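Each chain is listed here by its residues.
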Number of protein chains: 2
Amino acid sequence: MYRSHSCGELNATHINNEVTLAGWVQKTRDKGFMIWVDLRDRYGITQLIFDEQRTAKEVFEKAKTLGREFVIQVKGTVIERESKNKNIATGDIEILVSELTILNEAMLPPFTIEDETDGGEDLRMKYRYLDIRRNPVKNNLLFRHKVSMEVRKYLTDQGFCDVETPYLIKSTPEGARDFVVPSRMNEGQFYALPQSPQTFKQLLMVGGMDKYYQIVKCFRDEDLRADRQPEFTQIDCEMAFVEQEDILNMFEGLTRHLLKEIKGIEVEKFPRITYDYAMKTYGNDKPDIRFGMKFGELNEVAQHKDFGVFNNSELVVGIAVPGCASFTRKEIDALIDWVKRPQVGASGMVYCKYELDGSLKSSVDKFYDQEDLKKWAEVTGAQPGDLILVLSGNADKTRTQLSALRMELGNRLGLRKPDEFAPLWVVDFPLLEWDEESGRYHAMHHPFTSPKPEDIHLIDSNPGAIRANAYDMVLNGNEIGGGSIRIHDKGLQAKMFDLLGFTPEEAENQFGFLMNAFQFGAPPHGGLAFGLDRLVSILGGQETIRDFIAFPKNNSGRDVMIDAPSVIDNHQLDELHIQLK
Amino acid sequence: MYRSHSCGELNATHINNEVTLAGWVQKTRDKGFMIWVDLRDRYGITQLIFDEQRTAKEVFEKAKTLGREFVIQVKGTVIERESKNKNIATGDIEILVSELTILNEAMLPPFTIEDETDGGEDLRMKYRYLDIRRNPVKNNLLFRHKVSMEVRKYLTDQGFCDVETPYLIKSTPEGARDFVVPSRMNEGQFYALPQSPQTFKQLLMVGGMDKYYQIVKCFRDEDLRADRQPEFTQIDCEMAFVEQEDILNMFEGLTRHLLKEIKGIEVEKFPRITYDYAMKTYGNDKPDIRFGMKFGELNEVAQHKDFGVFNNSELVVGIAVPGCASFTRKEIDALIDWVKRPQVGASGMVYCKYELDGSLKSSVDKFYDQEDLKKWAEVTGAQPGDLILVLSGNADKTRTQLSALRMELGNRLGLRKPDEFAPLWVVDFPLLEWDEESGRYHAMHHPFTSPKPEDIHLIDSNPGAIRANAYDMVLNGNEIGGGSIRIHDKGLQAKMFDLLGFTPEEAENQFGFLMNAFQFGAPPHGGLAFGLDRLVSILGGQETIRDFIAFPKNNSGRDVMIDAPSVIDNHQLDELHIQLK
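What counts as what
- Residues numbered from 1 in each chain as written.
- Chains lettered and ligands numbered in written order.
- Predicted model: local features only at pLDDT ≥ 70, side-chain atom pairs only at ≥ 80, totals over all residues.
- Heavy atoms only, no water.
- UniProt positions renumbered as here; feature names shortened; annotations may be inferred.
- Helix = DSSP H or I, 4+ residues; strand = E, 2+ residues; numbered from the N terminus.
- Buried < 20%, exposed > 50% of the residue type's maximum accessible area, 1.4 Å probe, protein only.
- Contact = heavy atoms within 4.5 Å.
- Areas by Shrake-Rupley, 256 points an atom, 1.4 Å probe, with all protein chains shown as cover.
- Lys, Arg positive; Asp, Glu negative; His and termini not counted.
- Charge placed at Lys NZ, Arg CZ, Asp CG, Glu CD.
- Pairing = 2+ DSSP bridges.
- Axes fitted to C-alpha atoms, helices over the stretch in contact; angles between N-to-C directions.
- Parallel < 35°, antiparallel > 145°, perpendicular 65-115°, else oblique.
- Left-handed = near helix turned anticlockwise from the far one by under 90°.
- Nonpolar A, V, L, I, M, F, W, Y, C, P; charged D, E, K, R; others polar.
- Salt bridge = Lys/Arg side-chain N within 4 Å of Asp/Glu carboxyl O.
- Core = buried A, V, L, I, M, F, W, Y, C linked by side-chain atoms within 4.5 Å.
- Buried area = accessible area lost by both parts, 1.4 Å probe.
- Polar contact = N/O pair within 3.5 Å; in protein donor to acceptor, adjacent residues only side chain to side chain.
- Least-squares fit on C-alpha atoms with pLDDT ≥ 70 in both.
- Phe/Tyr/Trp six-rings, centres within 6.5 Å; stacked < 30°, edge-to-face > 60°.
- Lys NZ or Arg CZ within 6 Å of the ring centre and 35° of its normal.
- Patch = residues over 30% accessible without salt bridge, like charges linked within 9 Å, V, L, I, M, F, W, Y side chains within 5 Å.

- Chain A has the name Aspartate--tRNA ligase in an unreviewed UniProt entry, where Flavobacterium haoranii is given as its organism.
- The Catalytic activity (unreviewed entry) field of the UniProt record for chain A holds the comment "tRNA(Asp) + L-aspartate + ATP = L-aspartyl-tRNA(Asp) + AMP + diphosphate".
- The record held by UniProt for chain A lists under Subunit (unreviewed entry) the comment "Homodimer."

**Some details on the overall build of chain A**
Item 1. Summing up its helical and strand segments, chain A has 16 helices and 23 strands in all.
Item 2. Expressed as lengths along the three principal axes of its C-alpha atoms, the size of chain A is roughly 90 × 75 × 50 Å.
Item 3. Sorting the 581 residues of chain A into buried and exposed places 59% on the buried side.
Item 4. Summarising the internal contacts of chain A: among those between residues at least 6 apart in sequence, 66% fall at separations of at least 24.
Item 5. For chain A, the computed accessible surface area is about 23,900 Å², with 47% contributed by carbon and sulfur atoms.
Item 6. Measuring between centres, the 70 positive side-chain charges of chain A sit 4 Å from its 90 negative side-chain charges.

**With respect to the sheet that holds strand E11 (residues 272–274) of chain B**
All names here are of chain B.
Item 1. Pairing is mixed in the open sheet, where eight strands are placed in the order E6-E9-E10-E22-E21-E20-E17-E11. Of all strands in the sheet, those with a lone pairing partner are strand E6 (161–162) and E11, marking the two edges.
Item 2. Relative to strand E22 (residues 525–531), strand E21 (residues 478–485) runs antiparallel, the two being bridged by five bridges. Across the sheet, glycine 483 pairs through a bridge with leucine 528, a residue of E22.
Item 3. Sheet strands in contact with helix H7 (residues 275–282) are E11 and strand E17 (423–427), and its direction is about 85° off that of E11.

**Details of the packing of helix H4 (residues 135–157) of chain A against helix H6 (residues 244–263) of chain A**
All names here are of chain A.
Item 1. Contact pair H4 / H6: the axes reach a minimum separation of 10 Å and the direction vectors enclose 135°. Here H6 runs oblique to H4, going by the angle between their axes. Like other packed secondary-structure pairs, H4 and H6 cross with a definite hand, here right-handed. Together, Phe143, Lys146, Val147, Glu150, Val151, Tyr154 and Leu155 of H4 and Met250, Phe251, Gly253, Leu254, His257, Leu258, Glu261, Ile262 and Lys263 of H6 make up the contact between the two elements.
Item 2. Among the residues making up the contact of H4 with H6, the classes are represented as ten nonpolar, two polar and four charged.

**Considering the pattern of salt bridges**
Item 1. All told, the structure shown has 88 salt bridges over all chains when counted by the stated rule.
Item 2. As a salt-bridge pair, A:Arg124 and A:Asp131 come within 2.9 Å of each other at their nearest N and O atoms. Of the two residues examined, A:Arg124 and A:Asp131, each falls in the buried class.
Item 3. Of the charged contacts in the structure, one is a salt bridge between B:Asp288 and B:Arg416, with a shortest N-O distance of 2.7 Å. Of the two residues, B:Asp288 is situated in the loop between H7 and strand E12 (296–297) and B:Arg416 in the loop between helix H12 (395–412) and E17; the sequence distance between them amounts to 128 residues.

**Section: the nonpolar core**
Item 1. By size, the foremost hydrophobic cluster in this structure holds 78 residues, and its most contacted members are A:Leu155, A:Phe251, B:Leu155 and B:Phe251.
Item 2. What A:Phe251 contacts, discounting residues up to four positions off in sequence, is A:Leu155, A:Phe160, A:Cys237, A:Met239, A:Trp425, A:Met473, A:Leu528 and A:Phe530.

**A word on the pairing of strand E14 (residues 350–354) of chain B**
Along any regular strand the residues' side chains alternate between the sheet's two faces.
Residues and elements named next belong to chain B.
Item 1. Across the five residues that make up E14, a large majority, five, are buried.
Item 2. Neither face of E14 is left uncovered, since the one carrying Val350, Cys352 and Tyr354 and the one carrying Tyr351 and Lys353 both have all their residues buried.
Item 3. In terms of strand pairing, E14 meets strand E16 (residues 387–393) through four bridges, oriented antiparallel. Its bridge partner being in E16, cysteine 352 is matched across the sheet by isoleucine 388.
Item 4. Sheet analysis places E14 next to strand E15 (residues 360–362), joined by three bridges and oriented antiparallel. Paired with cysteine 352 across the bridge in E15 is serine 362.
Item 5. Taking the residues between adjacent antiparallel strands as the criterion, E14 and E15 are bridged by five residues, where glycine 358 takes a positive phi near 95°.

**Some points on the interface of chain A and chain B**
Item 1. With 123 residues of chain A at the contact, the number on the chain B side is 123 residues.
Item 2. Summed over both partners, the interface of chain A with chain B buries about 11,200 Å², with 59% contributed by carbon and sulfur atoms.
Item 3. On the chain A side of the interface with chain B, the three residues burying the most area are A:Glu164, A:Phe241 and A:Phe520, jointly 7% of the side's total.
Item 4. Summed over the shared surface of chain A and chain B, the number is twelve salt bridges.
Item 5. The interface formed by chain A and chain B includes 71 residue pairs in polar contact (both at pLDDT 80 or more).
Item 6. Among the elements that line the side of chain A that touches chain B, the one with the most residues is H4(A), at ten residues.
Item 7. A per-class count over the side of chain A that touches chain B returns 66 nonpolar, 26 polar and 31 charged.

**Quick look at the environment of A:Met250**
All names here are of chain A.
Item 1. With respect to the helices and strands, the residue methionine 250 is situated in helix H6.
Item 2. Residues methionine 250 and glutamine 158, 92 residues apart in the sequence, show an inter-C-alpha distance of 8.6 Å.
Item 3. Beyond its immediate stretch of four places on either side in the chain, methionine 250 contacts Tyr154, Gln158, Phe160, Lys211 and Met239.

**A closer look at the relation of the copies chain A and chain B**
Item 1. Rotating chain A by 180° and translating it 0.0 Å along the rotation axis places it on chain B, where the RMSD comes to 0.1 Å. Taken together, the rotation and translation describe the operation of a two-fold axis.

**A closer look at the packing of aromatic side chains**
Item 1. In this structure the tally under the stated criterion is 50 aromatic pairs over all chains.
Item 2. Ring geometry for B:Tyr275 against B:Phe429: centres 5.1 Å apart, planes inclined by 45°, an arrangement best described as tilted. In this pair, B:Tyr275 sits in helix H7 while B:Phe429 sits in the loop between E17 and strand E18 (432–435), placing the two residues 154 residues apart along the sequence.
Item 3. A residue is classified by how much of its surface remains accessible, and B:Tyr275, at 16% relative accessible area, is buried.
Item 4. The class of B:Phe429 is buried, set by a relative accessible area of 6%.
Item 5. Through a chain of ring-to-ring contacts, the aromatic side chains of A:Phe307, A:Phe310, A:Phe367, A:Tyr368 and A:Trp376 assemble into a single cluster.
Item 6. Between the NZ or CZ atom of B:Arg440 and the centre of the ring of B:Phe502, over which it lies, the distance is 5.9 Å.

**Let's talk about the packing of H4(A) against helix H4 (residues 135–157) of chain B**
Item 1. For the pair H4(A) and H4(B), interaxial distance at closest approach is 12 Å and the crossing angle is 140°. Relative to H4(B), the element H4(A) is oriented oblique. The handedness of the crossing between H4(A) and H4(B) is left-handed. Every residue of H4(B) that contacts H4(A) at A:His145, A:Met149, A:Arg152, A:Lys153 and A:Thr156 is listed here: B:His145, B:Met149, B:Arg152, B:Lys153 and B:Thr156.
Item 2. Considered class by class, the residues forming the contact of H4(A) with H4(B) number two nonpolar, four polar and four charged.

**Focus on the UniProt feature "binding site: ATP" (unreviewed entry) in chain A**
Item 1. Cross-referencing UniProt, the feature "binding site: ATP" (unreviewed entry) maps to A:Arg220, A:Asp221, A:Glu222, A:Gln229, A:Glu479, A:Gly531, A:Leu532, A:Asp533 and A:Arg534 in the present numbering.
Item 2. Counting through the fold element by element, A:Glu222 comes out in the loop between strand E9 (211–219) and strand E10 (231–240).
Item 3. Among residues more than four places away in sequence, those in contact with A:Glu222 are A:Ala176, A:Arg177, B:Arg184 and B:Met185.
Item 4. Polar contacts involving the side chain of A:Glu222 include one to the main-chain amide nitrogen of A:Arg177, which spans 2.9 Å.
Item 5. Relative to the helices and strands, A:Glu479 resides in strand E21 (residues 478–485).
Item 6. Filtering out sequence-adjacent residues up to four positions away, A:Glu479 remains in contact with A:Lys286, A:Asp472, A:Met473, A:Val474 and A:Arg534.

**As for a positive patch on the surface**
Residue and element names in this part refer to chain A.
Item 1. Where like charges cluster on the molecular surface, the positive patch consists of Arg220, Arg225, Arg228 and Lys286.
Item 2. For arginine 225, the location among the structural elements is in the loop between E9 and E10.
Item 3. In this structure arginine 225 comes out as exposed when scored by relative accessible area, which is 53%.

Printed below as a string of structure tokens:
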């Protein structure tokens, strides 16, 4: 046994105990006649003391040689500390060391192993194993474990069976780009790594597994935007003999369980809003509802005056920014510059201050009188003291721009509180989206998503208006999960492929295998997948998923710690029947 | 809600309840005026009854159209069954159906969905989603979930943190062949899929994670022997600040927990035997100790007589086969033929019957008298009624042959009982094994395995005799887990590389990255990995891992259900900067 206790557990009740500890030297303070060492392990920090008077000379001398991050083992007696440290669990005691063993020396680490480190992102990623010694990173990994274990417990209690699906599967041309794996034993052929276990979970439903879940790595070879990873983790779930309502209730239950067990927070029943409502009210299908600033559509009250900009706009829409009527001209100009940045893309912005005295002062007073502006306040829900900001133009684009502005102001005004959790469901997504480039409809979720029965009659006349049995769970402005009820009827599925522009042959080529399975008795089924990386980071009160992944890759898909990917030798290539181009 | 109850839960307490059930038609019996349907879901089977007298005509007619594996939903009343079926949980009741909905029709399945099916292995693999509907396969998957969940609970309770390590890592020339993944974003470079997270778990120890576990897929591109899979699942564990004793205790605890929770069996403290003892006593480093037939070495008592075959043998070794003295000449000749098969490779076998009257009758009576043979009986532990079988020749080969014979007899005599569990530890494995082909030593476990301190002095004089801090857990004749205490001392590690024939440059090239991490304060650490597929199959009382994998691959590494691997198009190859050879 290398230790009798961890570095996080000794306290006043252990005084006079003989103990053995092991860990890393966090820091040393050498006062000549007395040396203090902070000894750290995963569980905490314990102060060691070497005293010229009370410590054997040989041990005392050895203590003088200790450097940061040395790995040591000590034996000693727990004694009461003179100056107690109330900030740490072990702050009442220290260890008067009698024996010291240096288990391993350490080179000076390239950055400080402290909560606030001096290491930049690149350096910390290169030496990720040292970064993990730091409390913030270590605690994120422990937190992730706690979340995934609670997910497993809840789903197991609900009767879900964790089934491992294969990683070496078949490449399909649909969706994102696959990572592929050349086969040595099957010359000229390739496996693909799964983008999700979608097909397999549907087959498990055909197989009668009824309730399936898996916490599983998925892979997408896409150009990486910030905070996207080529390999990511999904909580993947599917249920048979269910309707949308059953799924929403089950996974709302899971999320409430997590919020309660992990964060100690009880949340009300999740609001459910439609995709249409979300877009009209927040300009966004994943609204952050921790704060208001709901959109007010001003076409009726602001058009047909002499202000040509509004008159020529498809949509005039505003928000009331709480308590910001006091913004200076300079502050407002900066906001206008902000919305005009290429990333947002507005061509301009109109504002109206709703002063505390009840008067209204706008940038378009030339065209609107107090009565007009009062209506603006009514529609946007503005109160005296608020600042009304108005954008106009093409409806979709304007909503997107105003959504960006709303989120920006939510951040600036501190309304997006990391310890507040406002989950909701967004339902009734469109089944299809029109793709300008290919001039045809694409499945918004995937081709197996079922349309709402009451919308099926639109299938020939107005397919774009069909709503799907598809739903997203949104938490604090992030989509944390999404899914759908699948089609389990052959005829409807064929119609769907037709709608998506597949010939029967193409449908057979690409999806024949699942369709074939469906002929042997497919039950009604549906499911949902959570993005675990994202879910954990939001529950952790942060937004960077990389901070919650032990060994993440950078934006070029590289693991800079192990320096992967890398070249392989020709012999390996030969065996795989491939060569570099 | 598609159902108010599952097909496994209704019993006499529900009589007169109105219920809704959904599931698959297992079978129908149509007596003209009465139709019975067995309705099946994951949870069980419930009998439905359609009665010409009591069922609406339309419903009754529809019931006549039901075929095997149709997916249906029924509403009806729970009534007491006339002829009760004590074999199933719902055997006291049946459902008098009032409403019937056919949710999906089904083509006739290619094999029967029964516990004993008429489908061969190939057909069942092709339609694995139908195979999973069968109780034996479904129950194996549920059993696997139960085992993995108990593993997680135990390790979590013991303070282990589940850390997900990456799947897209770096190819290393050591060990088995890697599966590789061409990188699109890094031209000419490849990721490798992990053969195990060995490096990452050691880095997590350097990172202070202290106790790590993961249930993780691993990949080896090896020619597949029977019951090997290119992707397999490991319970991967590592601990810091531990000695071998700590690890053995921890994972013995895990296995005892599993046996107790899963099988309801309390086992004694696991026996620990050395590799040397295992080889000498069982001819095997993973002995099945559910039965005896320990080896007795007969050199002393059987050599130096006139029997040249024994005199010229390095080893003469026998086992006492319990109660088999009564074997006929023909039975013994068949056994002799069995050991002479090329798969076993013995050149002959000597036998000696220890008759119930105490007399001994051997095939070499010409050379040995009763006194001599009595000694054979003593050494092999034979009792009257036993049959002593003796092989001789080169020591290693003879032990392997006798081990094969011992296992064969264990099987034939029914001594390898699937419901009996006899775990043990095999410890003190050799650090190195001599490889004839390359004319150098190889690491028996891996190059980071630490030698026993008391053997380090042999490092120059007799490295082959050095024992390692390496251990295997063996259960019923299968290695279910193995691991080692790792080297954490730079100097010793360099010496080890030297011993393995690496130049310092080669060591740096191949392992520099981990060695570099070790310079920043590596704690003493060690670990173990269980093969989950194997563990689950043995706990399930079976030996074929494929039966416990939802979607296994065949011996050519193909998934015959989805037909993977497959060709991919040239555009994909182009993007990956590779071409077929």
